[in-house]
Amino acid sequence: MPLKILIIRFSSIGDIVLTTPVVRCLKQQLNAEIHFLTKKGFRGILDPNPYIDKVYTIQSKVGEIKTELRKEKYDWVIDLHHNLRSLQVKWILGRPSRSFNKLNLAKWLMVNLKWNLLPKIHIVHRYLDTTKKLGIQYDGKGLDYFIPEGQQVQLRDIDCASKYTPDQRKALQQGQYVALVIGAAHATKRMPLAKLVEICQGIQQPILLLGGPDDRATGDQIVQLAGTHVINTCGQYSLHQSASLVKQAAQVITHDTGLMHIAAALRKPVISIWGSTIPEFGMTPFYPEGMDENKTFEVANLSCRPCSKIGYDVCPKGHFQCMNNIDVAKICALIELPVVEKIN
């Protein structure tokens, strides 16, 4: 009988995408039956994954699902969240388990005292460390992201601005565009409006703005200020559809957010922009072995960085230099696409 393994990661988008090498390696190397426990809102990321046999979800409490989980009689529990809820699951099931090291102390020291004791190891490899007892070795294939049938966006169907030139329209439909991800869960991980406008003004190629419904108004302002070569898709598409636009883009500019990791999973060239968080936390774009398509932009040697593990709603210092001092000209200079004439 193959092993039956439960993997736990409740949230969020990027963190779940970063667990996919664990899922794939367990499935392929052990031929195990893989179940995944997450929050209900993230189920859609996991359902299309062919390496997962069953997805369980909770709305908020582990008690919602404990009876069903007990019936599964798991051989192992791989805890990739390592919080109170996942501890409850392990206690309820009473099965052999492994939990990943969250490095909470090292992160606290970095945030509060600026003592860098963080190991130079990506979170994907820390996730994979939980499977060593089972003899799993990393296969070098990077992240996975699967876009379901019917969620692919046809570029010809995108509503171009009325002043798009024929060359701009052709470039868009051929995938010669930049996907600019303007959203992020916390404000201090997002560039201010003026900096986003500056990026768009410095790029001559078509730009698609990506984000959720909360980013729609910001996207409209960017279009108004930057020009008609920018199209605001924020809130218009589902996560999978946004991933489809990322997949078809020539280059991706993004904050430290879920679509950054999806872009890496889809092997896209990424320009990642870091504000209150830092790459040293181990969550940079993760590519297959021998491939690195990420170019990192951050304000180095800023004494207040990092101010948080995850970010704040406003800059604690008030100056927001970690984003305001980003060199936009250098970002725009990295766009390696044919220049398309704009109509102003």
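Below, the structure is looked at part by part. Along every chain, residues carry numbers that run from 1 in the direction the sequence is written. A pLDDT threshold of at least 70 governs which residues receive local features in this predicted model, and a stricter bar of 80 or more applies before side-chain atom pairs are shown or counted, although totals over entire chains, interfaces and linings include all residues. To get the side-chain values, all heavy atoms of the structure are used, and hydrogens and water are removed first.

What to know about the sheet that holds strand 7 (residues 207-210)
So, point 1. Reading across the sheet, the 6 strands line up as 8-7-6-9-10-11 and stay open at both edges, with parallel pairing between neighbours. Lying at the two open borders of the sheet, with one neighbouring strand each, are strand 8 (230-232) and strand 11 (294-297). Here the strands of the sheet are splayed against their neighbours by 20° on average, with no regard to which way each runs.
So, point 2. Between any two strands, at least two bridges found by DSSP are needed for them to pair. Strands here mean DSSP runs of E at least two residues long; helices mean DSSP runs of H or I at least four residues long; both are numbered from the N terminus. Looking at chain direction, strand 9 (residues 251-255) and strand 10 (residues 270-273) are connected through 4 bridges and run parallel. Looking at the pairing, V252 lines up with V270 of strand 10.
So, point 3. Only heavy atoms enter the contact rule, under which two residues are in contact if any of them lie within 4.5 Å. Every axis corresponds to a line fitted to the C-alpha atoms, with the helix fit spanning only the stretch in contact, and the corresponding angles, defined between N-to-C directions, vary from 0 to 180 degrees. Across the sheet, helix 9 (residues 193-201) lies against strand 6 (178-181), strand 7, strand 8, strand 9 and strand 10, angled at about 175° from strand 6, the strand it touches most.

Points about the pattern of salt bridges
Opposite charge on two side chains permits pairing when their charged atoms draw close.
So, point 1. Note on definitions: salt bridges are taken to be side-chain nitrogens of Lys or Arg within 4 Å of carboxyl oxygens of Asp or Glu. Per the counting criterion, the structure on display carries 13 salt bridges.
So, point 2. For the salt bridge of E72 with K4, the shortest nitrogen-to-oxygen distance reads 2.8 Å. Of this pair, E72 sits in helix 4 (residues 66-72) while K4 is found in strand 1 (residues 4-8), placing the two residues 68 residues apart along the sequence. Pair check on accessibility: E72 and K4 agree, each one buried.
So, point 3. Here D256 ties to K189 by a salt bridge, and the two come within 3.6 Å at their closest N and O atoms. Of this pair, D256 sits in the loop between strand 9 and helix 12 (258-265) while K189 sits in the loop between strand 6 and helix 9, placing them 67 residues apart in sequence.
So, point 4. Judged by relative accessible area, which is 10%, D256 ranks as buried.
So, point 5. Look at the salt bridges and you will find they share partners, linking K4, K54 and E72 into a network. Burial classes: relative accessible area under 20% of the type maximum marks a residue as buried, over 50% as exposed, and values in between as partly exposed (1.4 Å probe, protein chains only).

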